[in-house]
Amino acid sequence: MAKKAKKAAKKAAPKKAAKKAVKKVAKKAPKKAAKKKAAKKAPKKAAKKKAAKKAPKKKSARKPNAAFMAALTPSETLGAVVGSKPLPRTEIIKKIWDYIKKNGLQDKLNRRMINADEKLKLVFGGKEQISMFELAKVVNNHVK
């Protein structure tokens, strides 16, 4: 029985030693990492101070693109939907969408498709339905 106890003690001793070594390494690692972090933080603070001394940059006011604001004259067919007086392209698209929503012309199942009524069918070039992504192309054919 004494032999069995000695063998068990010999087997347990290396396991305990290994556990202790792992614990020591684990304790040392955070200390080293903390030192490295502290060393890295110091230069960052110095950099922030340098940046603070510089004058703040002025934000330039955003200027609208003049091409979007140019008034375009709609054709007679498009004029029946958005009105006959000249409008910027953005306003024409907005008015078409207002017309579509007011009359419930957006497809119920596939929301990106627009169903045409009598007025829009002429604008869409005789098509019953177009994609909302084709809308700008269609408008382009009806403005000057």
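The structure this text deals with has already been given above.
All of the points below concern the structure found in this document. Just so you know, these numbers come straight off a predicted model, no measurement behind them. (Residues numbered from 1 in each chain as written. Predicted model: local features only at pLDDT ≥ 70, side-chain atom pairs only at ≥ 80, totals over all residues. Heavy atoms only, no water.)

## Section: the overall build of the protein
Of regular secondary structure, the protein possesses 6 helices and 4 strands. Counting from the amino terminus, the protein carries its helices and strands in the arrangement α-α-β-α-β-α-β-α-β-α. Out of the 144 residues belonging to the protein, those deemed buried represent 21%. Counted over contacts in the protein with a minimum sequence separation of 6, partners at least 24 positions apart contribute 28%. Roughly 12,400 Å² of accessible area belongs to the protein as shown, and the carbon and sulfur atoms make up 60% of that amount. (Helix = DSSP H or I, 4+ residues; strand = E, 2+ residues; numbered from the N terminus. Buried < 20%, exposed > 50% of the residue type's maximum accessible area, 1.4 Å probe, protein only. Contact = heavy atoms within 4.5 Å. Areas by Shrake-Rupley, 256 points an atom, 1.4 Å probe, with all protein chains shown as cover.)

## Description of the side chain of Asp 107
Its location among the elements puts Asp 107 in the loop between α4 (89-103) and β3 (113-115). It is Arg 111 that comes nearest to the buried, bridge-free Asp 107 among opposite-charge side chains, at 8.0 Å. At a separation of 3.0 Å, a polar atom in the side chain of Asp 107 contacts the main-chain amide nitrogen of Asn 110. Here Asp 107 is in contact with Met 113, Asn 115 and Gln 129, once residues within four sequence places are set aside. (Lys, Arg positive; Asp, Glu negative; His and termini not counted. Salt bridge = Lys/Arg side-chain N within 4 Å of Asp/Glu carboxyl O. Polar contact = N/O pair within 3.5 Å; in protein donor to acceptor, adjacent residues only side chain to side chain.)

## Digging into the pattern of salt bridges
Enumeration over the complete set of coordinates arrives at 3 salt bridges. The salt bridge involving Glu 128 is made with Lys 121; its shortest N-O contact spans 2.4 Å. According to the relative accessible area criterion, Lys 121 is partly exposed, its value standing at 31%. In this structure, the salt-bridge partner of Glu 134 is Lys 127, at a minimum N-O distance of 3.5 Å.

## Re α4
In a regular helix each residue adds 1.5 Å, so 15 residues correspond to 21 Å; α4 covers 21 Å between its end C-alpha atoms and thus fits that length. By the burial criterion, the buried members of α4 are Ile 92, Ile 96, Trp 97, Tyr 99 and Ile 100. For α4, the buried positions fall inside an angular range of 155° around the axis, keeping them on one side. Residues of α4 that are exposed and point more than 90 degrees away from the buried face comprise Lys 94, Asp 98, Lys 101 and Lys 102. The inward-facing, buried residues of α4 abut β1 (71-72), α3 (76-82), β2 (87-88), β3, α5 (118-123) and α6 (135-140). In the segment just after α4, Gly 104 is the residue with positive phi, at about 65°. (Expected span 1.5 Å × (residues − 1). Arc of directions from axis to C-beta.)

Interpretation note: all reported values are geometric properties and have no functional meaning in isolation.
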